[in-house]
Amino acid sequence: MTEMTDGVLHTLFRTEQGGHEQVVLCQDRASGLKAVIAVHSTALGPALGGTRFHAYASDEEAVQDALNLSRGMSYKNALAGLDHGGGKAVIIGDPEQLKSEELLLAYGRFVESLGGRYVTACDVGTYVSDMDVVARETRWATGRSPENGGAGDSSVLTAYGVFQGMRASAQHLWGDPTLRGRKVGVVGVGKVGHYLVEHLLEDGAEVVITDVREESVRRILDRHPGKVTAVDGTEALIRVEGLDIYAPCALGGALNDETVPALTAKVVCGAANNQLAHAGVEKDLADRGILYAPDYVVNAGGVIQVADELHGFDFDRCKVKATKIFDTTLAIFARAKSDGIPPAAAADRIAEQRMAEARGAVAVATAV
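Counting of residues starts from 1 at the beginning of each chain's written sequence and follows it residue by residue. In keeping with the model being predicted, local features are shown solely for residues with a pLDDT of at least 70 and side-chain atom pairs are shown and tallied solely at 80 or more, while totals for entire chains, interfaces and linings include all residues. To get the side-chain values, take all heavy atoms of the structure and skip hydrogens and water.

## Observations regarding the overall build of the protein chain
Point 1. Put simply, DSSP H or I for four residues or longer makes a helix, DSSP E for two residues or longer makes a strand, and each gets a number counted from the N terminus. For the protein chain, the count of helices and strands is 16 helices and 12 strands.
Point 2. Between the two quantities, the radius of gyration covers C-alpha atoms and the globule rule is 2.2 Å times the number of residues to the power 0.38. For the protein chain, whose C-alpha radius of gyration is 20 Å, the value lies close to the compact-globule estimate of 21 Å for 368 residues.
Point 3. Along the first, second and third principal axes, the C-alpha set of the protein chain runs to 50 × 45 × 45 Å.
Point 4. Taking all 368 residues of the protein chain together, the buried fraction comes to 53%.
Point 5. Throughout, a residue-residue contact means that at least one pair of heavy atoms, one from each residue, lies within 4.5 Å. Contacts in the protein chain between residues far apart in sequence, at least 24 positions, make up 65% of those at least 6 positions apart. Only protein chains enter the accessibility calculation, which uses a 1.4 Å probe; a residue is then buried when its area is under 20% of its type maximum, exposed when over 50%, and partly exposed in between.

## Points about the sheet that holds strand S12 (residues 291-292)
Point 1. Two strands qualify as a pair provided that DSSP identifies no fewer than 2 bridges between them. As summarised here, the arrangement of the 6 strands in space is S9-S8-S7-S10-S11-S12, forming an open sheet in which the pairing is parallel. With partners counted over all chains shown, the strands left at the sheet margins are strand S9 (228-230) and S12, one partner each.
Point 2. Pairing between strand S10 (residues 245-248) and strand S11 (residues 267-268): 2 bridges, direction parallel. Note on S11: the bridge partner recorded for Ile245 is Val267.
Point 3. Helix-sheet contacts for helix H8 (residues 214-223) involve strand S8 (206-210) and S9, and the interaxial angle to S9 is about 155°. Think of each axis as a best-fit line through the C-alpha atoms, taken over the contacting stretch in the case of a helix, with angles from 0 to 180 degrees between the N-to-C directions.

## Some thoughts on the pattern of salt bridges
Point 1. Any Lys or Arg side-chain nitrogen found within 4 Å of a carboxyl oxygen on Asp or Glu counts as a salt bridge. Overall, the coordinates contain 21 salt bridges when judged by the stated rule.
Point 2. Glu112 is paired through a salt bridge with Arg139; the nearest N and O atoms lie 2.9 Å apart. Of this pair, Glu112 sits in helix H4 (residues 101-113) while Arg139 sits in the loop between helix H5 (128-134) and helix H6 (155-174); the two residues are 27 residues apart in sequence, bridging distant segments of the chain.
Point 3. Take Glu112: its relative accessible area is 23%, and that puts it in the partly exposed class.
Point 4. For Arg139, a relative accessible area of 60% translates into the label exposed.

## Overview of helix H2 (residues 59-79)
Every α-helix winds through 3.6 residues per turn, so residues three or four apart in the chain are directed the same way.
Point 1. Helices are assigned an expected span. That span is 1.5 Å times one less than the residue count. Taking 1.5 Å per residue as the helical rise, H2 with its 21 residues ought to reach 30 Å, and the 31 Å between its terminal C-alpha atoms agrees with that figure.
Point 2. Of all 21 residues in H2, 15 are buried, a share of seventy percent or more.
Point 3. Once H2 ends, the next one or two residues include Gly81, with phi positive near 75°.

## Things to note about the environment of Tyr107
Point 1. In this fold, Tyr107 is placed in helix H4.
Point 2. Judged by relative accessible area, Tyr107 falls into the buried class, the value being 0%.
Point 3. Considering only alpha carbons, one finds Tyr107 and Val134, 27 residues apart in sequence, at a separation of 6.8 Å.
Point 4. Ignoring anything within four residues of it in the chain, the contact list for Tyr107 reads Leu33, Ala35, Ile37, Thr51, Ala89, Ile91, Tyr118, Thr120 and Val134.
Point 5. Pairing of N or O atoms within 3.5 Å defines a polar contact, subject to two protein rules: one partner must be a possible hydrogen donor and the other a possible acceptor, and residues neighboring in sequence count only if both atoms are side-chain atoms. Reaching out from Tyr107, the side chain makes a polar contact with the side chain of Thr120 at a distance of 3.4 Å.

## Examining the nonpolar core
Point 1. Here, nonpolar core refers to any group of buried Ala, Val, Leu, Ile, Met, Phe, Trp, Tyr and Cys residues whose side-chain atoms link them within 4.5 Å. The biggest cluster of nonpolar side chains holds 31 residues, and the ones touching the most others in it are Met166, Val186, Leu196, Val197, Leu200, Val207 and Ile209.
Point 2. Those elements giving two or more residues to this core turn out to be H6, strand S7 (183-187), helix H7 (193-202), S8, H8 and S10.
Point 3. With 5 residues, H6 is the single largest residue contributor to this core.
Point 4. In this structure Val186 touches Leu196, Val197, Leu200, Val207, Val208, Ile209, Thr210, Leu237, Ala247 and Cys249, once residues within four positions along its chain are discounted.
Point 5. One finds Phe53, Tyr118, Met131 and Ala141 within the second-largest nonpolar core, a separate group that totals 23 residues.

## Some remarks on the confidence of the model for the protein chain
Caution is warranted with low-pLDDT regions, since their predicted coordinates should not be read in detail.
Point 1. Scored by pLDDT, the protein chain has a mean of 92; 93% of the residues are at 70 or more.
Point 2. Within a predicted model, pLDDT stands for the predictor's per-residue confidence, ranging from 0 to 100. pLDDT under 50 marks residues 1-5. Its contacts with residues more than four places away, or in other chains, come to 0 contacts.
Point 3. Scored below 50 in pLDDT, residues 362-368 makes 0 contacts in the model with residues more than four places away or belonging to other chains.

## Quick word on the packing of aromatic side chains
Point 1. Only centres within 6.5 Å qualify two rings of Phe, Tyr or Trp (six-membered ring in Trp) as a pair; their planes then separate them into stacked at under 30 degrees, edge-to-face at over 60, and tilted for everything else. Inspection of the entire model under this criterion finds 2 aromatic pairs.
Point 2. Aromatic side chains Tyr75 and Tyr296 sit 5.8 Å apart centroid to centroid with 70° between the ring planes, which places their arrangement in the edge-to-face category. Linking Tyr75 in helix H2 with Tyr296 in helix H12 (residues 295-298), this pair joins segments that are 221 residues apart in sequence. The two residues Tyr75 and Tyr296 agree in class, both being buried.
Point 3. Where Phe313 meets Phe315, the ring centres are 6.4 Å apart and the plane angle is 75°; that geometry is what we call edge-to-face.
Point 4. Using a relative accessible area of 34% as the deciding quantity, one classes Phe315 as partly exposed.
Point 5. One cation-aromatic arrangement involves Lys191 over Tyr127; the distance from NZ or CZ to the ring centre is 4.6 Å.
Point 6. Sitting over the ring of Tyr160, Lys319 keeps its end group 5.0 Å from the ring centre. The criterion for a charge sitting over a ring is simple: Lys NZ or Arg CZ within 6 Å of the ring centre, and within 35 degrees of the ring normal.

Rendered as structure tokens:
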């Protein structure tokens, strides 16, 4: 029993990564809610991150996902220049079967019980309409509809930020920020991916897509007849001849021991969170001469939007901030080159420096 408990506590505290500040297990039997809220850091301010609703293979997998995602949010928010720490929540179960108004209201009460330490928003499996329901029980829900005082769909600026990251990657690698004539493969053309495809086509890119949902692919093909090519599955897409940029825009772990050796692209830049399946994948990419734009840097447009909602949403103001993802990405590539490390490690160093400075400032203020 002691060994099992020690294992669980080690997983929750993640001591080898500095640890999480708080992990909350939530259950509401009446609605069937089982959720995990993970607060990684509040060094820069209240933890901010979305709620994922997903049918995990196990409860342990759900906890791991919450921990990984919340840590990633700390780094994302730091590099986006936001005064927020990192947090994330997962609701366990198939949203198509389990999601209900009662469940979302129960979840909102759990978020409210944290007193503002965690601010939630949409993620995979949750939508603007869901946040409207959650917000009925908590003031700490963003990504709501404009009708309910919110900013609406954050996927719009998420895709825009990824596009800026691609432009920066092109500038760094080919000396020109345009994607005109470049072949870009997009895996996942749902909430974010279909907006990204629009940006790419407008910029003159050649686009190849795939998605597990046939209706998502069909929507793109019907909207742009003859301008987009579809292939069957990720394995086929990463092997497309002449691919310049690979854009994972579905779930995490897209870059692993199987996909990296098979990649034909020279750049990886996509919207998915936690694209690196394990530590060391970033070095594998670098060894193959593949430029990796860190996911939590380029996909920060959405969190920029939901953070702004807390202060009275202004789309133009948010778009200006999201445009700066171009400069941030270039700065990371420059740091990686100067330090002789992969871009993912360079991004981590910059984010960790900002968080450490914030903690130091708090410690000084407390001492005074």
